[in-house]
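Listed below, chain by chain, are the residues.
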Amino acid sequence: MIATIQYNSKKLQIDLSLPIDISIPLRASKSNVNAWYIDAPVIEPAKDGERVVSVEEGACVNFNNISFNPHAHGTHTECVGHITKKVHSVNKNLKQFFFLAEVITVAPEKLNDDFVISKKQLRFAIGSKKRDAIIIRTIPNTKEKLTAQYSHTNPPYLLEDAAIYLCEKDVKHLLIDMPSVDKEKDECTLLAHNAFWNTKGKIRLDATITEFIFVPNIVEDGMYFLNLHIAPFENDASPSKPILYKIMS
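Residues numbered from 1 in each chain as written. Predicted model: local features only at pLDDT ≥ 70, side-chain atom pairs only at ≥ 80, totals over all residues. Heavy atoms only, no water.

Engineer: Go over the overall build of the protein with me, naming the residues and quoting the values.
Structural biologist: Scanning the protein for helices and strands turns up four helices and 17 strands. Relative to the globule expectation of 18 Å for 249 residues, the C-alpha radius of gyration of the protein, 19 Å, shows essentially globular dimensions. Along the first, second and third principal axes, the C-alpha atoms of the protein reach 65 × 50 × 35 Å. Evaluated residue by residue, the protein yields a buried proportion of 46% over its 249 residues. When the accessible area of the protein is evaluated, it comes to approximately 13300 Å², of which 55% is carbon and sulfur surface. Counting 29 positive and 30 negative side-chain charges, the protein places the centres of these two groups 7 Å from one another. (Helix = DSSP H or I, 4+ residues; strand = E, 2+ residues; numbered from the N terminus. Rg over C-alpha atoms; globule rule 2.2 N^0.38 Å. Buried < 20%, exposed > 50% of the residue type's maximum accessible area, 1.4 Å probe, protein only. Areas by Shrake-Rupley, 256 points an atom, 1.4 Å probe, with all protein chains shown as cover. Lys, Arg positive; Asp, Glu negative; His and termini not counted. Charge placed at Lys NZ, Arg CZ, Asp CG, Glu CD.)

Structural data, given as structure tokens:
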């Protein structure tokens, strides 16, 4: 399934039969990836009085309720409504789903007691490239990211100047393999979120941040097409399934 895409003045080809899934699935397990001090997600059969609606329990269908938080329990895409008093829905503001993206690998630098990603690092990795989306893979990049329990661990994050840099380059979609682009405990300053969405100026309503991705090591740095799809939740954030396609030519 070869698709030819006209992108500006270039024709680029991708193979739709070779998707690269960089999402982390949500599971009803204490080993499900987690952050922000809440319990694991729950997936369990609904009950009709004493009757459990499960094939195993004698019902004709499985009919599960799911309790989870998109920010805490897996790959999710959020819009500026995550940090604004005014309600903004990611389902209403993300209107396109296919973007030219660049995968970059960054080793967070030590800054006092933190590990951070700086403007200098992003500028070195991106250079003069013009991309709709930037996908940040941090190292070390191990499979432990699929089950990590991040609460109270102070994971790596973006410095404000890094987020400003991406905003100034008109990067509309930022994807990262950490639970947040900001420091875990920052007294609610949310410097990188605010800078990326330009909340002090003309707010970038069509820009999104996707957190809790996982980019396998076999995926090389470079240019891809990104298919960024969300579940249609009218909420500031939604579970998402970003898919990469290698560019053939």
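Engineer: Lay out the pattern of salt bridges in plain terms, naming residues and giving numbers.
Structural biologist: This model, assessed by the stated rule, comprises 10 salt bridges. Taking the shortest distance from any N to any O, the salt bridge between Arg51 and Asp48 comes out at 3.8 Å. A residue is classified by how much of its surface remains accessible, and Arg51, at 42% relative accessible area, is partly exposed. In this structure, Glu102 and Arg131 form a salt bridge, with 2.8 Å as the shortest nitrogen-oxygen distance. Here the residue Glu102 occupies a position in strand S9 (residues 98–106), and Arg131 occupies one in the loop between helix H2 (119–126) and strand S12 (133–138), the gap between them amounting to 29 residues. In this pair, the class of Glu102 matches that of Arg131, namely buried. The structure contains a network of salt bridges with shared partners spanning Glu102, Lys129 and Arg131. (Salt bridge = Lys/Arg side-chain N within 4 Å of Asp/Glu carboxyl O.)

Engineer: Describe the sheet that holds strand S10 (residues 109–111), and please don't skip the residues or the numbers.
Structural biologist: Ordered in space as S10-S11-S13, the three strands form an open sheet in which the pairing is mixed. For this open sheet the edge positions go to S10 and strand S13 (157–158), each flanked by a neighbour on one side alone. In this sheet, S13 lies alongside strand S11 (residues 114–117) in parallel orientation, the contact comprising two bridges. Within the sheet, the bridge partner assigned to Ile117 lies in S13 and is Leu158. (Pairing = 2+ DSSP bridges.)

Engineer: Can you tell me about the pairing of strand S17 (residues 237–246), naming the residues and giving the values?
Structural biologist: Working note: regular strand, side chains alternate between the two faces of the sheet. Across the 10 residues that make up S17, a large majority, seven, are buried. Relative to S17, strand S8 (residues 76–78) is paired through three bridges, and the arrangement is antiparallel. Bridged to His76 within S17 is Pro239. Both strand S16 (residues 222–230) and S17 contribute to a ladder of seven bridges, which runs antiparallel.

Engineer: So, the pairing of strand S2 (residues 10–15): which residues are in play, and what are the values?
Structural biologist: Pairing geometry for strand S1 (residues 2–7) and S2, over six bridges, is antiparallel. Among the inter-strand pairings, Ile5 is bridged to a residue of S2, identified as Leu12. Hairpin connection from S1 to S2: two residues lie between these consecutive antiparallel strands, with Asn8 at a positive phi of about 55 degrees.

Engineer: How would you summarise the state of the cysteines if you had to cite specific residues and measurements?
Structural biologist: Tallying each qualifying case throughout the model produces zero disulfides. Cys79 carries a free sulfur, and the closest cysteine sulfur to it, the one in Cys167, is 15 Å from it. In this structure Cys79 comes out as buried when scored by relative accessible area, which is 1%. Left without a disulfide partner, Cys188 is nearest to the cysteine sulfur of Cys79, which lies 18 Å away. The exposure class of Cys188 is exposed, given its relative accessible area of 70%. (Disulfide = S-S within 2.5 Å.)

Engineer: Explain unusual backbone geometry to me, using residue names and the numbers behind them.
Structural biologist: The phi torsion of most residues other than glycine is negative, and most of the peptide bonds are trans. Between Ile139 and Pro140 the backbone carries a cis peptide bond, its omega angle lying at 5 degrees. Relative to the helices and strands, Pro140 resides in the loop between S12 and S13. Its identity as a non-glycine residue notwithstanding, Asn112 has a phi of 55 degrees, on the positive side. Considering the arrangement of structural elements, one finds Asn112 in the loop between S10 and S11. Even without a glycine there, the phi angle at Asn154 is positive, about 50 degrees. With respect to the helices and strands, Asn154 occurs in the loop between S12 and S13. Here Asn154 falls in the partly exposed class, since its relative accessible area comes to 25%.

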